[in-house]
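# Topology and contacts: notes
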Amino acid sequence: MSSGDLAAAAFSRRSGVLHCESVPLQSIAAQFGTPTYVYSRRAIVDAYQAYARALAGRPSLVCYAMKANSNLAVLNLLARAGAGFDIVSGGELARVLAAGGEPGKVVFSGVGKSADEIRAALAAEILCFNLESTEELERLQQVASDAGVRARISVRTNPDVDAKTHPYITTGLKQNKFGVALDDTLALYRRAAHLPNIEIVGIDCHIGSQITEVAPYVDAADKVLDLVDALEREGIVLRHIDFGGGLGIAYRDETPPTAGALIAAMLARVDQRGHAGKHILVEPGRSIVGAAGALLTRVNLVKAGAEKNFAIVDAAMNDLMRPALYQAWMDVQPVRQRDEPSKRYDIVGPVCESGDWLARERDIALRSDDLLAVLGAGAYGMSMASNYNSRPRAAEVMVDGDRVHRIRQRETVAQLFADESVLPD
Ligand SMILES: *Cc1c(COP(=O)(O)O)cnc(C)c1O
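These numbers come from a predicted model, not from an experiment.

Procedures and definitions
Residues numbered from 1 in each chain as written. Predicted model: local features only at pLDDT ≥ 70, side-chain atom pairs only at ≥ 80, totals over all residues. Heavy atoms only, no water. Helix = DSSP H or I, 4+ residues; strand = E, 2+ residues; numbered from the N terminus. Buried < 20%, exposed > 50% of the residue type's maximum accessible area, 1.4 Å probe, protein only. Core = buried A, V, L, I, M, F, W, Y, C linked by side-chain atoms within 4.5 Å. Contact = heavy atoms within 4.5 Å. Expected span 1.5 Å × (residues − 1). Phe/Tyr/Trp six-rings, centres within 6.5 Å; stacked < 30°, edge-to-face > 60°. Lys NZ or Arg CZ within 6 Å of the ring centre and 35° of its normal. 1 Å grid on protein atoms, 1.4 Å probe; cavity = no way out; pocket = protein on both sides within 12 Å on 5 of 7 lines; lining within 4 Å. Points joined across faces, edges and corners; volume = space filled by probe spheres on them. Nonpolar A, V, L, I, M, F, W, Y, C, P; charged D, E, K, R; others polar. Salt bridge = Lys/Arg side-chain N within 4 Å of Asp/Glu carboxyl O. Pairing = 2+ DSSP bridges. Near = heavy atom within 4 Å. Polar contact = N/O pair within 3.5 Å; in protein donor to acceptor, adjacent residues only side chain to side chain. Areas by Shrake-Rupley, 256 points an atom, 1.4 Å probe, with all protein chains shown as cover. Disulfide = S-S within 2.5 Å.

### Things to note about unusual backbone geometry
Going from threonine 34 to proline 35, the amide bond is cis rather than trans, its omega being -5°. Relative to the elements of secondary structure, proline 35 occurs in the loop between helix H2 (25–32) and strand S4 (36–40). Its identity is not glycine, yet glutamine 327 carries a phi of approximately 55°, on the positive side. Assessed through its relative accessible area of 54%, glutamine 327 is described here as exposed. The backbone phi angle of serine 390 is positive, close to 50°, even though this residue is not glycine. The topology assignment puts serine 390 in the loop between strand S19 (371–375) and strand S20 (395–400).

### What to know about the nonpolar core
Core analysis: the biggest nonpolar cluster contains 119 residues, and Leu25, Tyr64 and Phe129 have the highest contact counts within it. With eight residues, helix H9 (residues 215–233) is the largest single contributor of residues to this core. Those residues in contact with leucine 25 that sit more than four places away from it in its chain are Phe11, Leu18, His19, Cys20, Val38, Leu296, Val335 and Ala373. Ranked by size, the runner-up nonpolar core spans seven residues in total, among them Leu61, Cys63, Leu127 and Leu281.

### Here we look at H9
For H9, which comprises 19 residues, the first-to-last C-alpha distance of 27 Å matches the rise-based estimate of 27 Å (1.5 Å per residue) to within 8%. Taken residue by residue, H9 has Pro216, Tyr217, Val218, Ala220, Ala221, Asp222, Val224, Leu225, Leu227, Val228, Ala230 and Leu231 as its buried positions. Packing partners of the buried residues in H9 comprise strand S9 (151–158), helix H8 (182–193), strand S11 (198–204), strand S12 (240–242) and helix H10 (259–272). Downstream of H9 by a residue or two, glycine 235 has a phi angle that is positive, lying close to 85°.

### A look at the packing of aromatic side chains
Within the structure shown, the criterion is met by three aromatic pairs. Directly above the ring of phenylalanine 108 sits lysine 113, whose terminal nitrogen or CZ lies 5.6 Å from the centroid.

### Concerning empty space enclosed by the protein
Per the stated rule, a full pass over the model turns up one cavity of 30 Å³ or more. Estimated volume of the largest cavity: approximately 70 Å³. What lines the largest cavity is a set of 13 residues, and nearest its centre among them are Tyr217, Gly244, Gly245, Leu262 and Val282. With three residues, H10 is the largest single contributor of residues to the lining of the largest cavity. Residue composition of the lining of the largest cavity, by class: nine nonpolar, four polar and no charged.

### Notes on the pattern of salt bridges
All told, the structure shown has 22 salt bridges when counted by the stated rule. Each of Asp222, Asp226, Asp229, Arg269 and Arg273 takes part in salt bridges that share partners, so that together they form one network.

### Quick look at the sheet that holds strand S3 (residues 23–24)
In spatial order, the strands read S1-S2-S3; together these three strands make up an open sheet with antiparallel pairing. Whereas interior strands pair on both sides, the edge strands pair on one side only; in this sheet they are strand S1 (11–14) and S3. The pairing of strand S2 (residues 17–20) with S3 spans two bridges and is antiparallel. Paired with histidine 19 across the two strands is proline 24, which belongs to S3.

### Digging into the site of the ligand
The environment of the ligand is made up of 14 residues, and the closest members are Lys67, Ser209, Glu283, Arg286 and Tyr380. In the environment of the ligand, an oxygen atom lies 2.7 Å from a nitrogen or oxygen atom belonging to the backbone of arginine 286. Within the complex, 94% of the 390 Å² of free accessible area of the ligand lies under protein. Among the residues making up the shell around the ligand, the classes are represented as three nonpolar, six polar and five charged.

### Concerning the state of the cysteines
All chains considered together, the criterion is met by zero disulfides. Cysteine 205 forms no disulfide, and the closest cysteine sulfur to it belongs to cysteine 128, at a distance of 13 Å.

Here you go:
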């Protein structure tokens, strides 16, 4: 898939104007201002259904990794479609509940769950805690015992495979902070099996993000299935296997497998190894929402530098951190194509950091006040936004056919310091 196809899924050009589904982006800018995140309802639901279809006919659950995009409207759409959720904080649990998600379909990941977060998740009766350390197991036992309940757990094992992705988003190597080393996993299960308030239900892994090949998944699956076999030899029988998330999308010229192809390969492995009866969980984030969103921004002014031209836009690194954080390449498209020669620009925000850029060295014809769309911004865009430089966060809208719904009001400057106070005289 090329970036052109990425755009075609949710965003397409009609009569030279970029649309989301049937809505021209300039009408969204006129109604809601900029910067604004724009999502396609159809693209989100279709991406979820691709996973659900591939898993149809066997016990399974798609737990959307909501840190990719945790807007209530996104969560609610997915909950209505039948999704569960992979959460990494008590705040995310609260969002799931507020959005109408079923707590019984929630798995709780993360290396540092606090006692308060554990208590809230036990009270909500979530499906499973994905454990990442011995200390966490002991803490969970204590909190569950105090609450007089049993906590369902799986251990997140670290299969030590190279997901061949950016160093900041690989998680399944020995040197990463995530998961329990493969060699220590059995011992942790043995300990868990002896704790009265712990119920072992599954095993879990998650090897990284923006993965564009099937092979690392199959390697990880083999190692996880080795553990499943070893556990069963000791009489510890698991109900589910959770293969995590991490499937990439085509930002530029990547060619990730489809969700259907990835799941088919995993299921084939599971079946070959004699575990066809196990419940299968997956935790996709980016591949559900990434291609479904764009960040709509307006060119504030054009600055011709000594060596470079800059298009300074009204969105910045605080709105979309991926370029600054990972040197990520994002596709930037003019909303209306100009019929004039292009120039080479760095597309940057107004924030006082040299790292504040959205795209570099793009050939594009533009002028002040033109609208641009940063495509593939549905995942790890708004959910990572900050207020750096006292910039209110963007508005968010969801397009459904020819209708546009505002799903988050633009933040106001007054909101930014409403909770702050000065010292007394
Ligand atoms: C972030 C994360 C995911 C989702 O990753 P994507 O690359 O967005 O699919 C799934 N599971 C866990 C434990 C995560 O931390």
